[in-house]
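# Tertiary structure, described
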Amino acid sequence: MDLSNARAIVTGGASGLGAATARHFRARGVQVTVLDRDEAGAEAAAGLGAHFARADVTDGDSVAAAIAQAVDRMGGIDICVNCAGIVVGEKTVGRDGPHSLDSFRRTIEVNLIGTFNVLRLAAAEMARNGRDEDNGVIVNTASIAAFDGQSGQAAYAASKAAIAGMTLPIARDLARNKIRVCAIAPGIFGTPMLRGLPQDVQDSLAAEVTNPKRLGEPEEFARLAAFIVENGYMNGETIRIDGALRMR
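Reading the values: the criteria
Residues numbered from 1 in each chain as written. Predicted model: local features only at pLDDT ≥ 70, side-chain atom pairs only at ≥ 80, totals over all residues. Heavy atoms only, no water. UniProt positions renumbered as here; feature names shortened; annotations may be inferred. Helix = DSSP H or I, 4+ residues; strand = E, 2+ residues; numbered from the N terminus. Expected span 1.5 Å × (residues − 1). Bend = angle between axes of the 7 residues up to and from the residue. Polar contact = N/O pair within 3.5 Å; in protein donor to acceptor, adjacent residues only side chain to side chain. Salt bridge = Lys/Arg side-chain N within 4 Å of Asp/Glu carboxyl O.

The protein chain is annotated in an unreviewed UniProt entry as 3-hydroxyacyl-CoA dehydrogenase of Paracoccus salipaludis. UniProt annotates the protein chain under Sequence similarities (unreviewed entry) with the comment "Belongs to the short-chain dehydrogenases/reductases (SDR) family."

Here is the structure:
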């Protein structure tokens, strides 16, 4: 797919991986609509020359309205990148008792159901593009936690493993519509959340990476998302981008 003529929606585009992806796409000439639940998303979009649509990814009506806005402004959708997500750190049985069911449910609701909610509605719009091939590309965000989940990551790892697990079935479902689906499983990236940690903590995390021994840059995630869109033979795959990090 030619990025210079493409139209994209990016969830979680107010910061971190989503903001980097929206920025990279805009630099490549892509029309972008940022979907985010916070007002910061509007500010981020304005700074990029992108559109903004407020959306709670867990709410069907909210996302449907946001996608309708995106289609109205851009004339359609060719790319959907799902970066919206939350992180919960909680052990199955901790000092205060068993894992909160509410926090587990909320993590699944945002990371997994929210991703599926957006992609199903975006795919319906992409199917209307009516091209012989490459009607659309969906890129979801998994995590290396899907494969190397750490202590205290039961909810997060479960949500991200499900993202990886649904990639191939959805790619098969959408083959008849000429829509491709991939997922990216990032390792430890220098998002604002991680950059806010003390430097010695950041250095300790970076030391675990095989090579290069540093945190990933959000721009590197964005470039991989762009590569998936541009390479028409990329489909049904979950791609790790982690400097060969394998969490112990």
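Let us keep going from here.
### Comments concerning helix 4 (residues 101–126)
Relative to the 38 Å expected for 26 residues at 1.5 Å per residue, helix 4 spans 36 Å between its end C-alpha atoms, a close match to the ideal helical length. At Ile113, helix 4 shows its strongest bend, of approximately 35°. The N-cap residue of helix 4 is Ser100: its side-chain oxygen and the backbone nitrogen of Asp102 are 3.3 Å apart.

### As for the UniProt feature "domain: Ketoreductase" (unreviewed entry) in the protein chain
Here, UniProt's "domain: Ketoreductase" (unreviewed entry) annotation points to residues 6–192. Here residues 6–192 is 47% helix and 20% strand, with 28 Å between the C-alpha atoms at its ends.

### Thoughts on the pattern of salt bridges
Taken as a whole, this structure holds 12 salt bridges when the rule is applied. Through salt bridges with shared partners, a single ionic network connects Asp148, Arg240, Asp242 and Arg246.

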